[in-house]
Amino acid sequence: LYTKMSFGESVNPYDVVHPSDYMIDVLIREGLLQKLDSGKLENMKNLDGGLISAYGSTLDFIVPYQMGTQAIVYNSETVTNPPTSWADLWSPEYKGRIVAVDDNRVVIGMALLTLGYDVNTTDEAQLEEAKQKLIELMPNIRVFDSDSPKTPLVAGDVDLGIVWNGEAFLAKQENAAFEYAFPKEGSIIFFDGMGIPTNAPHPDISYAWFNYMMQGDVFWLTLVDYPYTIPNQAALDFAKANHAEVYEAYMASPITNTPADIFAQGHKVEDLGNALSLYDQIWTEIKE
């Protein structure tokens, strides 16, 4: 996404982009997102003010889409000693049994947490420690997969995963034996949003799309196909009135309906500027 948006063309071919996490801040810092006109976003009233406050000042540029946690999923039928912390994933009994999202900030971040460091550290000595720790973990990771990490779990190719909460929920729908563990060091939380590139050719259509998406009778469908944490209260209200089974499954699950204290204990990855190259280098080295 960043590569496609940073070519510097006079006209960006995209009217809407969906950045996540620290990339939202990167795009704002580099002037690649338009500041939004709140007067054109009448359906922002459908969103849960308490949840979207976590987006902070990025709300000037971003319409909240979905949010959630990145934690540990495991098959309770095959994992005899369930993990309760990120540090547990280094156990020799998990050799070749883990799928992890292909995301350097998440995987390096969880290694930093096991060492007692900040997920946003730029201290080179701390990052070197995290790299060495991840080298020790690599025999346990069978595959990196950010397209569909639930697939090797459901197929039985792996028994544990470092995944997004929505993927864990979908895996559990296919096999009730899957459980989701919030690590005691804290989950890594994420935020997805919708924005308008600075040089978008049709910004009025972008606003129309945002308002359409924020309608409760439209956005409720994410509960079916992309069951992450939903900041759209109108969507939940619509589902409760019209699709009770979907609503109740979402509300009853701490995987998707993330408890407030879990978010409060979570760690948000931030824009690190040029220091991000330190993470890129570590990622390249541990995956060689």
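For the structure, check the block above.
Residues numbered from 1 in each chain as written. Predicted model: local features only at pLDDT ≥ 70, side-chain atom pairs only at ≥ 80, totals over all residues. Heavy atoms only, no water.

1. Looking at the side chain of Asn 165
Turning to step 1, where the next piece is worked out: Here Asn 165 is to be found in helix H7 (residues 165–174).
Turning to step 2, where the next piece is worked out: Its relative accessible area of 0% is what places Asn 165 among the buried residues.
Turning to step 3, where the next piece is worked out: A polar side-chain atom of Asn 165 sits 2.9 Å from the main-chain carbonyl oxygen of Ile 255.
Turning to step 4, where the next piece is worked out: If sequence neighbours within four positions are ignored, Asn 165 has contacts with Met 67, Gly 68, Thr 69, Tyr 180, Phe 190, Tyr 228, Thr 229, Ile 255, Thr 256 and Thr 258. (Helix = DSSP H or I, 4+ residues; strand = E, 2+ residues; numbered from the N terminus. Buried < 20%, exposed > 50% of the residue type's maximum accessible area, 1.4 Å probe, protein only. Polar contact = N/O pair within 3.5 Å; in protein donor to acceptor, adjacent residues only side chain to side chain. Contact = heavy atoms within 4.5 Å.)

2. Notes on the packing of helix H5 (residues 124–137) against helix H14 (residues 276–286)
Turning to step 1, where the next piece is worked out: At their nearest, the axes of H5 and H14 sit 10 Å apart, and the two run at 20 degrees to each other. Taken as axis vectors, H5 and H14 run roughly parallel relative to one another. Our pair here, H5 against H14, has a crossing hand that is right-handed. Note on element contacts: H14 touches H5 through Leu 278, Tyr 279, Ile 282, Glu 285 and Ile 286, opposite Glu 124, Leu 127, Lys 131, Leu 134 and Ile 135.
Turning to step 2, where the next piece is worked out: A class-by-class count of the residues in the contact of H5 with H14 yields seven nonpolar, no polar and three charged. (Axes fitted to C-alpha atoms, helices over the stretch in contact; angles between N-to-C directions. Parallel < 35°, antiparallel > 145°, perpendicular 65-115°, else oblique. Left-handed = near helix turned anticlockwise from the far one by under 90°. Nonpolar A, V, L, I, M, F, W, Y, C, P; charged D, E, K, R; others polar.)

3. Points about the packing of aromatic side chains
Turning to step 1, where the next piece is worked out: Going through the model one piece at a time under the given rule, you end up with eight aromatic pairs.
Turning to step 2, where the next piece is worked out: Arranged with centres 5.2 Å apart and planes meeting at 75 degrees, the rings of Phe 144 and Trp 283 form a pair that is edge-to-face. Of this pair, Phe 144 sits in strand E3 (residues 141–144) while Trp 283 is found in helix H14, placing the two residues 139 residues apart along the sequence.
Turning to step 3, where the next piece is worked out: Overall, the relative accessible area of 11% leaves Trp 283 in the buried class.
Turning to step 4, where the next piece is worked out: For Arg 105, the ring lying beneath its charged end belongs to Tyr 22, and the centroid distance is 4.9 Å.
Turning to step 5, where the next piece is worked out: One Lys or Arg, Arg 105, reaches over the ring of Tyr 279 and ends 4.9 Å from the middle of that ring. (Phe/Tyr/Trp six-rings, centres within 6.5 Å; stacked < 30°, edge-to-face > 60°. Lys NZ or Arg CZ within 6 Å of the ring centre and 35° of its normal.)

4. Quick look at unusual backbone geometry
Turning to step 1, where the next piece is worked out: Even without being glycine, Asp 21 reaches a positive phi, approximately 50 degrees.
Turning to step 2, where the next piece is worked out: With respect to the helices and strands, the residue Asp 21 is situated in the loop between helix H1 (2–5) and helix H2 (22–29).
Turning to step 3, where the next piece is worked out: When its relative accessible area of 13% is taken as the criterion, Asp 21 is described as buried.

5. Looking at H14
Turning to step 1, where the next piece is worked out: Along H14, the residues classified as buried are Leu 276, Tyr 279, Ile 282, Trp 283 and Ile 286. The buried residues of H14 occupy an angular sector of 120 degrees when projected down its axis, which confines them to one face.
Turning to step 2, where the next piece is worked out: On its buried face, H14 sits against H2, helix H4 (104–114), H5 and E3. (Arc of directions from axis to C-beta.)

6. So, the pairing of strand E1 (residues 63–75)
Turning to step 1, where the next piece is worked out: Of all 13 residues in E1, 13 are buried, a share of seventy percent or more.
Turning to step 2, where the next piece is worked out: Pairing between E1 and strand E6 (residues 188–194): seven bridges, direction antiparallel. Along E6, the bridge assignment pairs Gln 70 with Ile 188.
Turning to step 3, where the next piece is worked out: Across five bridges, the pairing between E1 and strand E4 (residues 160–164) is antiparallel. Within the sheet, the bridge partner assigned to Tyr 74 lies in E4 and is Leu 160.
Turning to step 4, where the next piece is worked out: Of the pairings in the sheet, the one linking E1 to strand E5 (residues 178–181) comprises four bridges and is antiparallel in character. Bridge pairing in E5 places Val 73 opposite Tyr 180. (Pairing = 2+ DSSP bridges.)

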